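Report on the structure
In case you want the letters, here they are:
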Amino acid sequence: MTIPRPLRIATIAPLRFPIRQPHAGGVESALWNEVATLRRRGHRVDLVAPGGSDFMTGGPAEYVLPPVAWSDDELAADDTYPAGYLDVALPRLDAALDRIRRHADDYDVVVNHCLHGLPLERAGGLGVPVVSTLHTPVLPELLAADRASVGGRSSYLSVSSHTADEWAAAGIDSVVLPNGVDQSLWPLGPGGAGLVWFGRLVPEKGTHLAIEAARLLDLPLTIVGRIGDQAYFDRAVGPALGDRVAYVGPLGQSELAELVGRSACSLTTPVWAEPFGLVVPEALMTGTPVAAHDVGGVTEIARGSTGITTVTPGDPAALAVAARDLIEASRMPGGREDIRASTVARFSLEARVDRLEEFLRAAVHRDALGLPGPTSEVLAGGPLAAGALASPVLVEPEAAA
């Protein structure tokens, strides 16, 4: 049997935050783990990312983009950039893409996670096939960039069927490849007496609803994550602190996994159609059950998983009941072990990268033959590839807050 040679990959990161721990969000975490796993498997991965990111040592100097520096009076938000940052970062990203084009023979494929449209606009002229992952709801600027590409377009992956359906309705077809969790970094935990909520603290994540559910259960709640909206935090989270509710800020991966693993239940409370919801399989991987809102990608994760119950958004009482029942079930003999085993089977990072390698090799092969990017048949049958789901009922963040 012929063993395929390692791939030569140029990976383009989002621009808002460095790719390092503690991860700024799910996109940055997913990318960090993807690069680490591909490199561990022997592939050469050159990362284009803001200065201060991991994986940059020994790479081309052109791939180190300006460091992201938020001033004291700026909020490190998820929908904008520091003042003036794009003015300096985009020319450098353009130069990095120029280098990829000049050295196209050195690469097999470009893997694009950037949330700016420039890599999509230039995808047809790089001389290397481009595979982009859709991590967000439809963004008009990315649609425009895709349509502006001359000489070819990117192929696309989506993190859930929900996300794939949204983009398909806007004219971009993609293959569903869910995010994965490194089981070695999220070990089985012993459980505990308290609740945990982790993620970005922004209105659409609904942290305040987790606080209400914890109060109904009369259980302590630990909140972990980066404040992405200070006004929301000050209005909806800060006043609750101290009454069996603690905010510990962002944690490194190992600290976070240890905390989640010694919790009785994780609460996941998005009030928008979450494109995926990485915090759910991360918690489940430790054996900790998850009471969650029935939205977007979270709904898909729940189907076929053990240890998760979803409820209608905006109903803390229902969330509390779900959490209570999950905690009781997880304390039965083998309960936490069963939750972890189910999650390993569906959301193992190694299994995800197996499928990613398959997709990337198909993209390279079809490009060599002068054919369009890989079709959906390449990854048919994956854990979330069963098709569209009914649209969930959403709670508007500002109304809920």
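Notes on the structure in this doc start here. Predicted, not measured: the structure shown is a model, and the values here were computed from it.

Counting its regular elements, the protein contains 14 helices and 13 strands. The C-alpha radius of gyration computed for the protein amounts to 21 Å, which stays within 12% of the reference 21 Å derived for 401 residues, consistent with globular compactness. When burial is assessed residue by residue, the protein has 56% of its 401 residues classed as buried. Within the protein, counting contacts between residues at least 6 apart in sequence, those at least 24 apart form 72% of the total. In the structure as shown, the protein presents an accessible area of about 16100 Å², 54% of it carried by carbon and sulfur atoms. For the protein, the distance from the average site of its 32 positive side-chain charges to the average site of its 48 negative ones is 5 Å.

Below, the discussion takes up the sheet that holds strand E6 (residues 155-158). Strand order in this open sheet of seven strands is E3-E2-E1-E4-E5-E6-E7, and the pairing throughout is parallel. The outermost strands of the open sheet, each flanked by one partner alone, are strand E3 (64-65) and strand E7 (175-176). Where helix H1 (residues 26-40) meets the sheet, its contacts fall on strand E1 (8-12), strand E2 (44-50) and strand E4 (109-112), and the angle it forms with E2 comes to roughly 155°.

Here we take up unusual backbone geometry. The step from Gln 21 to Pro 22 runs through a cis peptide bond, and the omega angle for that step is -10°. Positionally, Pro 22 belongs in the loop between E1 and H1. You will see that Phe 55, though not glycine, has its phi angle at about 70°, which is positive. The residue Phe 55 is located in the loop between E2 and E3 in this model.

Cut-off values and rules
- Residues numbered from 1 in each chain as written.
- Predicted model: local features only at pLDDT ≥ 70, side-chain atom pairs only at ≥ 80, totals over all residues.
- Heavy atoms only, no water.
- Helix = DSSP H or I, 4+ residues; strand = E, 2+ residues; numbered from the N terminus.
- Rg over C-alpha atoms; globule rule 2.2 N^0.38 Å.
- Buried < 20%, exposed > 50% of the residue type's maximum accessible area, 1.4 Å probe, protein only.
- Contact = heavy atoms within 4.5 Å.
- Areas by Shrake-Rupley, 256 points an atom, 1.4 Å probe, with all protein chains shown as cover.
- Lys, Arg positive; Asp, Glu negative; His and termini not counted.
- Charge placed at Lys NZ, Arg CZ, Asp CG, Glu CD.
- Pairing = 2+ DSSP bridges.
- Axes fitted to C-alpha atoms, helices over the stretch in contact; angles between N-to-C directions.

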